[in-house]
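Report on the structure
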Amino acid sequence: MKQVIADRTSGAAVALKRSEAKPIDEYLNLSEAELFERIQAAKKTLGDRVVILGHHYQRDDVICHADLTGDSFKLSQLAAERHDAEHLVFCGVHFMAESADILSAAHQQVILPDMAAGCSMADMARLDQVEDAWEQLQQLGITDVLPITYMNSAANIKAFCGRHNGVVCTSSNALPLFKWAFAQREKLFFFPDEHLGRNTGIKFGIPLEQMVVWDPRLELGGNTPDQLRQAKIILWKGFCSVHGRFQARHVDDRRAEHPDIKVLVHPECCYEVVAKSDLNGSTEFIIKTIAEAPAGSKWAVGTELNLVNRLAKRHPDKFVTLLAPDLCMCATMFRIAPENLCWSLENLVAGQVVNHISVDAETARWAKLALDRMLAIQ
Ligand code: 13P
Ligand code: SF4
């Protein structure tokens, strides 16, 4: 049986016998302590040849092995800058690993320890749907429009933006990128996160009534031609299932329990939650805000559970709690586990690259244009 992986340096397909790679099964029964030891040992053997990048939503038993951590913007910057290591092991989700592959140097290989670590929001905008929407807008004569995709999207969606003079943004730079985009065109088409788009539009000063939602299942996205012509921002109907769990009533409940609590949320939360919060920003912003807060301060945080629990542990002198009462965990981020991290590292030690993330050269070229525009505008 053959396993085919793509070789990003030549674009050629390289065939490997599956038997050459260590199977994952033997890792599934290892104890926590054994996994920890073996991951550390593999890192030591690999030395500078490997850098482990970790997103802030990673679980504690994985993030503890990361050489560098960040939000999705910082991780993309690191991938664009750290050209020393041969391998970037990405503890995060698929779209982040794809971006790292696009931004890293030709001699580097990006590895995602579990290929099933995707993002349900990114899956909500497919290229054929975006192209169809774009075509419908063009047919209406709506041409003075600039596409912006959230980092949480597939590489081919980023490439679409690259081809159409558009850009990528993250939750930490959406506002400056909206400013840049509105200096180019009179209208924005934002995908796939309706909420980040709306929250950023509001910060930019666009009233709610000048934003419409594009539902890809409906003709004209469910809008009339006039609504589309008058809108300043067309928002793709996509959302994060984790941040979608936070509701405005949770803000009221937390404030009723603790009148002096501050509410700090990620801008993937809906507008009603963000409007009622005290502060909103990327995961890096959330971490920094709580780190810099005075001892004794109280925080209800509307973001992924692993990060909130870590912040509570890291700052015992502050009260840090999840904004919602029920579990808000990103199940796909959680798929990166010590077992598959250990498996991918020990395979590297044995000379095998498993779970290589490789974006085809043509897609990578256009997506890089949109990512480079983002990295240049701060
Ligand atoms: P950050 O860019 O804020 O880290 O967010 C990424 C993400 O997927 C949030 O759900
Ligand atoms: Fe995607 Fe939401 Fe998970 Fe972020 S938290 S990776 S947006 S599903």
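Residues numbered from 1 in each chain as written. Chains lettered and ligands numbered in written order. Predicted model: local features only at pLDDT ≥ 70, side-chain atom pairs only at ≥ 80, totals over all residues. Heavy atoms only, no water.

**Brief notes about the site of ligand 1**
- In the vicinity of ligand 1, the contacting residues are His-55, Tyr-57, Asp-71, Ser-72, Asn-152, Ser-171, His-243, His-266, Glu-268, Ser-282 and Thr-283.
- The contact in question runs from an oxygen atom of ligand 1 to an N or O atom on the side chain of Asn-152, over 3.1 Å.
- A distance of 2.8 Å is found between an oxygen atom of ligand 1 and a side-chain nitrogen or oxygen belonging to His-266.
- If ligand 1 stood free it would expose 300 Å²; the protein chains cover 96% of that surface.
- Residue classes in the shell around ligand 1 are distributed as 1 nonpolar, 8 polar and 2 charged. (Near = heavy atom within 4 Å. Polar contact = N/O pair within 3.5 Å; in protein donor to acceptor, adjacent residues only side chain to side chain. Areas by Shrake-Rupley, 256 points an atom, 1.4 Å probe, with all protein chains shown as cover. Nonpolar A, V, L, I, M, F, W, Y, C, P; charged D, E, K, R; others polar.)

**Quick look at the site of ligand 2**
- The immediate surroundings of ligand 2 are formed by Tyr-57, Cys-119, Ser-120, Met-121, Asn-152, Cys-240, Val-242, Glu-268 and Cys-330.
- Grouping the constituent residues of the shell around ligand 2 by class yields 6 nonpolar, 2 polar and 1 charged.

**Thoughts on the packing of aromatic side chains**
- Applying the stated criterion across every chain, the model contains 8 aromatic pairs.
- Ring pairs connect the aromatic residues Trp-134, Phe-160, Phe-189, Phe-191, Trp-214 and Trp-236, which therefore count as one cluster.
- A cation sits over an aromatic face here: Arg-59 above Phe-334, 4.1 Å from the ring centre. (Phe/Tyr/Trp six-rings, centres within 6.5 Å; stacked < 30°, edge-to-face > 60°. Lys NZ or Arg CZ within 6 Å of the ring centre and 35° of its normal.)

**Some points on the sheet that holds strand E12 (residues 262-265)**
- Pairing is parallel across the open sheet formed by 4 strands, whose spatial order is E13-E12-E14-E15. Bordering the open sheet on either side are strand E13 (279-280) and strand E15 (319-322), each of which pairs with just one other strand.
- Taken together, the 4 bridges between E12 and strand E14 (residues 298-302) define a ladder with parallel strand orientation. Looking at E14, one finds that Val-265 is bridged to Gly-302.
- Contacting E14 and E15, helix H13 (residues 305-314) runs over the sheet at an angle of about 165° to E15. (Pairing = 2+ DSSP bridges. Helix = DSSP H or I, 4+ residues; strand = E, 2+ residues; numbered from the N terminus. Contact = heavy atoms within 4.5 Å. Axes fitted to C-alpha atoms, helices over the stretch in contact; angles between N-to-C directions.)

**Digging into unusual backbone geometry**
- Here the bond from Phe-191 into Pro-192 is cis, since omega is -5°, no more than 30 degrees from zero.
- Looking at the element boundaries, Pro-192 is found in the loop between strand E9 (187-191) and helix H8 (194-204).
- Backbone geometry at Leu-220 places phi at a positive 50°, although glycine is not the residue there.
- Tracing the chain through its elements places Leu-220 in the loop between strand E10 (211-214) and helix H9 (225-230).
- Of note in this structure, Asn-355 is not a glycine but carries a positive phi near 50°.

**Let's talk about the confidence of the model for the chain**
- Looking at the chain, the pLDDT average stands at 94 and 95% of residues meet or exceed 70.
- In the model, residues 1-19 has pLDDT below 50 throughout and makes 34 contacts with residues more than four positions away in sequence or in other chains. (pLDDT = per-residue confidence, 0-100.)

**Some points on the pairing of strand E11 (residues 233-236)**
- On E11, burial covers both faces: Ile-233 and Leu-235 on one face and Ile-234 and Trp-236 on the other are all buried.
- Judged from the 3 bridges that link them, E9 and E11 form a sheet pairing that is parallel. Paired with Phe-190 across the two strands is Leu-235, which belongs to E11.
- Inspection of the sheet shows E10 paired to E11 by 4 bridges, in the parallel sense. From the neighbouring strand, Trp-214 faces E11, where its bridge partner is Trp-236.
- What joins E10 to E11 is H9, and the crossover it makes is right-handed. (Buried < 20%, exposed > 50% of the residue type's maximum accessible area, 1.4 Å probe, protein only. Right-handed = clockwise from strand over helix to strand, strands pointing away.)

**Some details on the sheet that holds strand E8 (residues 167-169)**
- Pairing is parallel in the open sheet, where 5 strands are placed in the order E8-E7-E9-E11-E10. Taken across any chain shown, the strands that pair with only one partner, and hence form the sheet edges, are E8 and E10. Taking the axes of each pair of neighbouring strands and ignoring which way they run, one obtains an average angle of 25° across the sheet.
- Two elements, strand E7 (residues 145-150) and E9, share 5 bridges in a ladder whose sense is parallel. Across the sheet, the residue bridging to Thr-149 is Phe-191, located in E9.

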